[in-house]
Amino acid sequence: MQKDHEPLMIRVVQQSVELPAQPAELYAMYLDPAAHASFTGGGSAVIQPAPGTEWSAFDGRIHCRILALTSQRQIVQSWRSFEWEKQDLDSVLILTFTAAGSGARVDLAHAGVPERLYDTLVAGWPMRYWEPWRAYLEARR
């Protein structure tokens, strides 16, 4: 437990991945519930692509609120998973989509993750998102 006089340490997961699709397509896929569920293979997603709306994925194991959208370029969400404890604050997830080579780069900054879950999230993003998303896109070719 943090004491009042200790500085608050904010943990940030930062990752980048290149995927074989254009930025606008990746942005749209992430915000489309059927596509999101398909490329993650993690169960149903409930998404309304508008700021202020609730969002969930992996059959509700992740739930969020969309804070801001920059069309075809950036998604900002408050974010928490079933592993968050009641007293844990929501984290903030920022996904940025930019052209890279013949596809796109997705840059992730996931700030304010609970210390005890940092390593889980560092490993979880590639396992739950980047690798299945790449496989999904490559299978469509």
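This write-up is about the structure you can find in this document.

Cut-offs and rules
Residues numbered from 1 in each chain as written. Predicted model: local features only at pLDDT ≥ 70, side-chain atom pairs only at ≥ 80, totals over all residues. Heavy atoms only, no water. Axes fitted to C-alpha atoms, helices over the stretch in contact; angles between N-to-C directions. Helix = DSSP H or I, 4+ residues; strand = E, 2+ residues; numbered from the N terminus. Parallel < 35°, antiparallel > 145°, perpendicular 65-115°, else oblique. Contact = heavy atoms within 4.5 Å. Buried < 20%, exposed > 50% of the residue type's maximum accessible area, 1.4 Å probe, protein only. Arc of directions from axis to C-beta. Polar contact = N/O pair within 3.5 Å; in protein donor to acceptor, adjacent residues only side chain to side chain. Phe/Tyr/Trp six-rings, centres within 6.5 Å; stacked < 30°, edge-to-face > 60°. Lys NZ or Arg CZ within 6 Å of the ring centre and 35° of its normal.

## Let's talk about the packing of helix H2 (residues 33–40) against helix H3 (residues 118–139)
Phase 1 of the analysis: Viewed as axis vectors pointing N to C, H2 and H3 meet at an angle of 95°, and their least axial separation amounts to 7 Å. Put simply, H2 runs roughly perpendicular to H3. Where H2 approaches H3, its residues His36, Ser38, Phe39 and Thr40 are matched on the opposing element by Arg128, Tyr129, Pro132, Trp133 and Tyr136.

## Here we look at the side chain of Thr40
Phase 1 of the analysis: Relative to the helices and strands, Thr40 resides in helix H2.
Phase 2 of the analysis: Thr40 has contacts with Phe58, Arg128, Tyr129 and Pro132, leaving out every residue within four places of it along the chain.

## Some thoughts on H2
Phase 1 of the analysis: Burial in H2 covers these residues: Ala35, His36, Phe39 and Thr40. The buried residues of H2 occupy an angular sector of 115° when the element is viewed end-on, so they sit on one face.
Phase 2 of the analysis: Looking at the packing, one finds that the buried side of H2 touches helix H1 (23–31), strand S2 (46–47), strand S3 (54–57) and H3.
Phase 3 of the analysis: Capping the start of H2 is the job of one residue whose side-chain oxygen sits 3.1 Å from the backbone nitrogen of Ala34: Asp32.
Phase 4 of the analysis: One or two steps after H2, the chain reaches Gly41, where phi turns positive at roughly 65°.

## Quick notes on the packing of aromatic side chains
Phase 1 of the analysis: Evaluated as defined, the whole model comprises ten aromatic pairs.
Phase 2 of the analysis: Plain terms: the ring middles of Phe39 and Trp133 are 4.1 Å apart, the flat faces sit at 10° to each other, and that makes the pair stacked. Highlighted residues: Phe39 in helix H2 and Trp133 in helix H3, separated in sequence by 94 residues.
Phase 3 of the analysis: Seen in terms of ring centroids, Trp79 and Trp125 are 5.9 Å apart; in terms of plane orientation they differ by 40°. Their pairing is tilted. Of the two residues, Trp79 is situated in strand S5 (residues 74–81) and Trp125 in helix H3; the sequence distance between them amounts to 46 residues. The same class applies to Trp79 and to Trp125, which are both buried.
Phase 4 of the analysis: A cation over a ring is seen here: Arg11 above Tyr118, with NZ or CZ 3.6 Å from the ring centre.

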